[in-house]
Amino acid sequence: QVQLVESGGELVQAGDSLRLSCAASELSFSLYAIAWFRQAPGKERAFVAATSRTSSNTYYADSVKGRFTISRDNAKNMVYLQMNSLEPEDTALYYCAADRLGSGDTRAYRYEYWGQGTQVTVSS
């Protein structure tokens, strides 16, 4: 069973950049597709970005396309979310999630394992 721990969230200003990290405990990390989701207060959890097991395919929500980049380092059991040109609308609790043998999916129910989240707050 994989355990996920997110880090890197903080309070920033609009236009700033931030990199989130997701550390996984699973030795067979390369068997998992990984995604980032976010949940803003009063809103449902929303897909942000996903990467396939080998990083050959990546997927993004329209709202972050061109600003966010997902990447992974299977040798370090790490996934990253580089966030540029942050906007107040990006304020949310950000979660990473793992889907064993998945190929990268935008649907939350496909992911079996979830971290506890890291808070990103963007001030205007």
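The structure reproduced in this document is the subject of the present report. Owing to the predicted nature of the structure, the values given are computational and were not obtained by experimental measurement.

Under the counting rule described, the total for this entry stands at six aromatic pairs. Between Phe37 and Tyr111, the aromatic rings sit 5.6 Å apart at their centres with planes inclined by 75°, giving edge-to-face as the arrangement. Of this pair, Phe37 sits in strand β4 (residues 32–39) while Tyr111 sits in the loop between β9 (92–100) and β10 (113–114), placing them 74 residues apart in sequence. In this structure, Phe37 and Tyr111 share a single accessibility class: buried. Pairing Tyr111 with Trp114 gives two aromatic rings, centres 6.5 Å apart and planes at 75°, and the pair type is edge-to-face. The exposure class of Trp114 is partly exposed, given its relative accessible area of 25%. By way of ring pairs, the aromatic residues Phe37, Phe47, Tyr95, Tyr111 and Trp114 are connected into one cluster. Positioned over the ring face of Phe29 is Arg72, at 4.6 Å from the centre of the ring.

Turning to its location among the elements, Arg72 is positioned in strand β7 (residues 68–73). Buried within the structure, Arg72 lacks any salt-bridge partner; its nearest side chain of opposite charge belongs to Asp73, at an N-O separation of 8.2 Å. Here Tyr32 takes part through its backbone oxygen, which lies 2.8 Å from a polar atom of the side chain of Arg72.

Moving on: the nonpolar core. In this structure, Leu20, Trp36, Val48, Phe68, Leu81, Met83 and Tyr94 are the most contacted members of the largest nonpolar core, which totals 34 residues. Broken down by secondary-structure element, the contributors of at least two residues to this core are β3 (18–24), β4, β5 (46–51), β7, β8 (78–83), β9 and β11 (118–123). Beyond its immediate stretch of four places on either side in the chain, Leu20 contacts Ser7, Gly8, Gly9, Trp36, Val79, Tyr80, Leu81, Met83, Tyr94, Thr118 and Val120.

Here strand β1 (residues 4–7) shows a buried face lined by Leu4 and Glu6 and an unburied face lined by Val5 and Ser7. As paired strands, β1 and β3 are joined by four bridges and run antiparallel to one another. Note that in β3 the partner of Glu6 across the bridge is Cys22.

In this section: the pattern of salt bridges. What the rule picks out here adds up to six salt bridges. Between Glu87 and Arg67 there is a salt bridge; the shortest N-O distance is 3.9 Å. Separated by 20 residues along the polypeptide, Glu87 in the loop between β8 and β9 and Arg67 in the loop between β6 (58–60) and β7 bring together distant segments of the chain. Judged by its relative accessible area of 12%, Arg67 falls in the buried class. A salt bridge links Asp105 to Arg107; the shortest N-O distance between them is 2.8 Å. Where salt bridges share partners, they join Arg38, Arg67, Glu87 and Asp90 into one cluster.

Glancing now at the environment of Ala108. Within the secondary structure, Ala108 sits in the loop between β9 and β10. Along the primary structure Ala108 and Tyr59 are separated by 49 residues, whereas in three dimensions their C-alpha atoms are 14 Å apart. Excluding anything up to four places from it in sequence, Ala108 contacts Phe37 and Trp114.

Rules behind the numbers
Residues numbered from 1 in each chain as written. Predicted model: local features only at pLDDT ≥ 70, side-chain atom pairs only at ≥ 80, totals over all residues. Heavy atoms only, no water. Phe/Tyr/Trp six-rings, centres within 6.5 Å; stacked < 30°, edge-to-face > 60°. Helix = DSSP H or I, 4+ residues; strand = E, 2+ residues; numbered from the N terminus. Buried < 20%, exposed > 50% of the residue type's maximum accessible area, 1.4 Å probe, protein only. Lys NZ or Arg CZ within 6 Å of the ring centre and 35° of its normal. Lys, Arg positive; Asp, Glu negative; His and termini not counted. Salt bridge = Lys/Arg side-chain N within 4 Å of Asp/Glu carboxyl O. Polar contact = N/O pair within 3.5 Å; in protein donor to acceptor, adjacent residues only side chain to side chain. Core = buried A, V, L, I, M, F, W, Y, C linked by side-chain atoms within 4.5 Å. Contact = heavy atoms within 4.5 Å. Pairing = 2+ DSSP bridges.

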